[in-house]
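Here is how the chains run, residue by residue.
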Amino acid sequence: MTSTTSDAAERRRHKAGPVVFDIEVDPVDPSLVAIGPQVTGQTGTRAPVRAAGEPTVWLQHNRIRLALHRLRDRSDDRVRPLLLLHGLGECTPADPPQAVAAWPGEVWGLDFTGHGHSSIPRGGGYTAEILMADVDAAIAHLGELTVFGRGLGAYVALLIQGGRPSLVRGAVLVDGPGIVGGGIGPSAPRVTTAARSAVTPDPFALAELTVDVRPPDYAVDYLRLAVRYSDLGEPVSLSGHVRPPWMAALDGLPGVRSLPAVDALADYATI
Amino acid sequence: MDVSTPRRPDRCSRVDSAGVGLAVWEWGDAGDPPILFAHGGFDFAGTYDGFAPLIADAGWRVVCWDHRGHGDSDHADLYGWEADQRDAVAVMDWIGPDPIPVLGHSKGGGLLLNVADALPHRVSHLINIDGLPSRRSWPDLSERDRTSLRADAVSDWLDHRRTTAGASRKPGTIDELARRRQRMNPRLDLDWLRYLVPIGAYESEDGWRWKIDPSMRMGGVGPWQPEWSMMRLPGLGMPVLGILGLAVEVMGWGTLPEDVVPNLPERARFVPLEGVGHFVHIEQPELVAEMVLDFLP
């Protein structure tokens, strides 16, 4: 070993902050990203058959085309939309679940990348954060909304509540597939593989989003974003039974409450 | 130019990784024993044009792929660590079933470290060039400051994702692209960076653009922590050579020898280099080649 002191000393002094590079990109007009309602070109094949006349809006998220389904019209013009986020391997249900029956606004459901009618990426590469950006594409179209997430969708609901705290007016987290994720830290070494499929759910989504790491302090960071930048007193509602470590870390913290989904939604609908 | 006699690869092939086409480059005789190289983030195989010929001329078939979204590989729909690992194994499978030496710089070093840990039967020797992240470069922040930082990072990233569909990189002259790159590679000679432009960029009517996918950007969001990479090191059973450049620079991790030494496996060599930056093999190609060739069987 031949190290001397000057560079090493400089490194000890050096505490790099976030590095922001000029990414040398010509941005496009965000208004061009959300595409209006269409009925053709559906790419997934396992989503439930929708009744005639039920609109699906197609959203472009980078190279992925996302299906955003309107499940129910509003009964009260003053209430914002509710967006359903499905669990891992699921898709938007044909009918809204009973828990959201009393929601007075529109009810929408988003098929995540590689799920339902949304397109299947080549070669995987899924992260929960990409799904958060899927939801952000829906927010760009719908505006302010409340989210209701099942399983994996519950985790994504937490992320987007923290990521867009002024636009997401409450996140209700309930049980469902993919709620646990890959644990609190790196697990046994592995190279994740899957067989390609032309139909949803994409096997790469199932493989990769089963093992995505969800450290409790990372989840708490998103809760803190929600609490600090949202004007809701309790923006996150834990309404399921299962408490994986990332969710258990939220339980009892300021900004979080545990109550049935019906009650949480009734409250958020009045805000 | 600070890299002696750069040389373009002798061959280029296309390897499919679950639908993503990877450009795979080779220097040296096709019949020589293979060694797999992995480049760093925002680089491409051509950044080994100075270093790889030194290894190839010593009797090795050097194979290096452009990571998905980089260089001449396909722009993928999604990017992630799991996907990059899978791509690495797709290239290894294309080379053959026998264990081979692997060498990675920066992100490529971390990537191959993970692959060696996951598939030890595929890796005979591991060479890591300034690819051992440590927590040292992460700022110590109060909870409030950390929340602010996270808020900016997440909202910036979400804003970025809203603009990626149809985005393209800024055009410029060869000199302009080289100077932009020098902001990330400040210790590298401008002539070397100018050399890289026609390889890593493409020319259109309004100028040159880097080929890297415009949807990619430095510093995404996610739960990853630098110590997750270092924790893979102690358990490795194959011979390991770690080379660390100690001069501080923007793309480096600021890792110190004392961060690495306690984690070295039994059969490891470790060489911290004073006065050398993150791009160790570009600043000191002959020195690094000498160390690598001495380490290889």
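Residues numbered from 1 in each chain as written. Chains lettered and ligands numbered in written order. Predicted model: local features only at pLDDT ≥ 70, side-chain atom pairs only at ≥ 80, totals over all residues.

Further remarks concern the overall build of chain B. Broken down by element type, chain B carries 10 helices and 11 strands. A globule of 297 residues ought to have a C-alpha radius of gyration of about 19 Å, and chain B, at 19 Å, matches this closely. By principal-axis analysis of the C-alpha atoms, chain B measures approximately 50 × 50 × 40 Å. In chain B, which comprises 297 residues, the proportion classed as buried is 52%. (Helix = DSSP H or I, 4+ residues; strand = E, 2+ residues; numbered from the N terminus. Rg over C-alpha atoms; globule rule 2.2 N^0.38 Å. Buried ≥ 20, exposed ≤ 12 C-beta atoms within 10 Å, placed from the backbone.)

Let us now look at the overall build of chain A. Along chain A, the regular secondary structure elements total seven helices and 10 strands. Here chain A, with 271 residues, has 50% of them falling under the buried criterion. A separation threshold of at least 6 residues defines the contact pool for chain A, and within that pool the share at least 24 residues apart is 75%. (Contact = placed C-beta atoms within 7 Å.)

Right, let's talk about the pairing of strand 5 (residues 82–85) of chain A for a bit. Residue and element names in this part refer to chain A. Burial along strand 5 is two-sided: the face carrying L82 and L84 and the face carrying L83 and L85 are both buried. Of the strand pairs in this sheet, strand 5 and strand 6 (residues 107–111) are connected by four bridges, and their pairing is parallel. Residue pairing for strand 6: L82 is matched across the bridge by V107. Bridging between strand 5 and strand 7 (residues 145–150) involves four bridges; their strand directions are parallel. (Pairing = 2+ DSSP bridges.)

Moving on, we get to unusual backbone geometry. That bond from T200 of chain A to P201 of chain A is cis: its omega, 0 degrees, falls within 30 degrees of zero. By the secondary structure assignment, P201 of chain A is in the loop between strand 8 (168–174) and helix 4 (203–208). Unusually for a residue other than glycine, N62 of chain A sits at a positive phi of about 55 degrees. Among the secondary structure elements, N62 of chain A is positioned in the loop between strand 3 (56–61) and strand 4 (64–72). Phi at D130 of chain B is positive, roughly 45 degrees, even though this residue is not glycine. Tracing the chain through its elements places D130 of chain B in the loop between strand 6 (123–129) and helix 4 (143–161).

The subject of this paragraph is helix 3 (residues 152–163) of chain A. All names here are of chain A. Helix length check: helix 3, at 12 residues, gives a terminal C-alpha distance of 16 Å against a target of 16 Å (1.5 Å per residue), a fit within 8%. Across the 12 residues that make up helix 3, a large majority, 12, are buried. For helix 3, the complete set of buried residues consists of L152, G153, A154, Y155, V156, A157, L158, L159, I160, Q161, G162 and G163. (Expected span 1.5 Å × (residues − 1).)

Below, the discussion takes up the sheet that holds strand 6 of chain B. What links the strands of a sheet is backbone hydrogen bonding, and the strands pair in either a parallel or an antiparallel sense. Residues and elements named next belong to chain B. As summarised here, the arrangement of the eight strands in space is 1-2-4-3-5-6-10-11, forming an open sheet in which the pairing is mixed. Two strands in the sheet have a free side with no partner beyond their single neighbour: strand 1 (11–17) and strand 11 (268–273). The average angle at which neighbouring strand axes cross in this sheet is 20 degrees, direction not considered. Examined bridge by bridge, strand 2 (residues 20–27) and strand 4 (residues 61–65) share four bridges and lie antiparallel to one another. Within the sheet, the bridge partner assigned to E26 lies in strand 4 and is V63. (Axes fitted to C-alpha atoms, helices over the stretch in contact; angles between N-to-C directions.)

Okay, the packing of helix 3 of chain A against helix 5 (residues 216–229) of chain A next. Residue and element names in this part refer to chain A. In contact at an axis separation of 7 Å, helix 3 and helix 5 are set at 45 degrees when each is read in the N-to-C sense. Compared by their axis directions, helix 3 and helix 5 come out oblique. Along this stretch, helix 3 crosses helix 5, giving a crossing that reads as left-handed. In contact with L158, L159, Q161 and G162 of helix 3, helix 5 contributes A219, Y222, L223, L225 and A226. Tallied by class, residues from the contact of helix 3 with helix 5 come to seven nonpolar, two polar and no charged. (Parallel < 35°, antiparallel > 145°, perpendicular 65-115°, else oblique. Left-handed = near helix turned anticlockwise from the far one by under 90°. Nonpolar A, V, L, I, M, F, W, Y, C, P; charged D, E, K, R; others polar.)

Moving on: the pairing of strand 3 of chain A. All names here are of chain A. The sheet contact formed by strand 3 and strand 4 spans six bridges and is antiparallel. If you follow T56 over to strand 4, its bridge partner there is H69. The antiparallel hairpin formed by strand 3 and strand 4 contains two residues in its connecting segment, where N62 sits at a positive phi of about 55 degrees.

Take the environment of H70 of chain B next. When you line up the elements, H70 of chain B lands in the loop between strand 4 and helix 2 (81–95). In this view, H70 of chain B contacts D43, F44 and I212 of chain B; residues no more than four positions away in its chain are not counted.

Turning our eyes to something else, we now look at the packing of helix 2 of chain B against helix 3 (residues 107–118) of chain B. How two helices pack is summed up by the angle between their axes together with the distance between the axes. All names here are of chain B. Their axes nearest at 10 Å, the elements helix 2 and helix 3 cross at an angle of 70 degrees. Considered as vectors, helix 2 and helix 3 are oriented roughly perpendicular to each other. Judged by residue contacts, D84, Q85, A88 and V89 of helix 2 engage L111, L112, N114 and V115 from helix 3. Split into classes, the residues belonging to the contact of helix 2 with helix 3 amount to five nonpolar, two polar and one charged.

Further remarks concern the environment of V154 of chain B. Within the secondary structure, V154 of chain B is located in helix 4. According to the C-beta neighbour criterion, V154 of chain B is buried, with 24 such atoms within 10 Å. In this structure the C-alpha to C-alpha distance between V154 of chain B and G222 of chain B, which are 68 residues apart in sequence, comes to 9.1 Å. For V154 of chain B, the residues in contact, after removing those within four places along its chain, are G162, G163 and L225 of chain A together with V221 of chain B.

The next subject is the nonpolar core. The biggest cluster of nonpolar side chains holds 140 residues, and the ones touching the most others in it are L83, V156, L158 and L173 of chain A together with F37 and V62 of chain B. Considering every element that reaches this core, the biggest residue donor is helix 2 (residues 128–142) of chain A, with 10 residues. What L158 of chain A contacts, discounting residues up to four positions off in sequence, is A171, L173, A219, Y222, L223 and V236 of chain A. (Core = buried A, V, L, I, M, F, W, Y, C linked by C-beta atoms within 7 Å.)

When pLDDT is averaged across chain B, the result is 94; 97% of the residues are at 70 or more. Scoring of the predicted complex yields 0.90 for pTM and 0.94 for ipTM. (pLDDT = per-residue confidence, 0-100.)

Further remarks concern helix 2 of chain B. End to end, helix 2 of chain B covers 21 Å across 15 residues, agreeing with the expected 21 Å (1.5 Å per residue, within 8%). Inspection of helix 2 of chain B places W81, E82, A83, D84, Q85, R86, D87, A88, A90 and M92 of chain B among the buried residues, and these make up the whole buried set. In this structure, the buried residues of helix 2 of chain B make contact with helix 4 of chain A together with strand 1, strand 2, strand 3 (34–38), strand 4 and helix 3 of chain B. Looking one or two places after helix 2 of chain B, you find G96 of chain B, whose phi comes out positive at around 150 degrees.

All right, on to the environment of V91 of chain B then. All names here are of chain B. Tracing the sequence through the fold places V91 in helix 2. When the C-alpha positions of V91 and R14 are compared, they lie 9.6 Å apart, and in sequence the two are 77 residues distant. Not counting residues up to four positions away in its chain, the partners in contact with V91 are V15, L22, V24, L36, V63 and W65.

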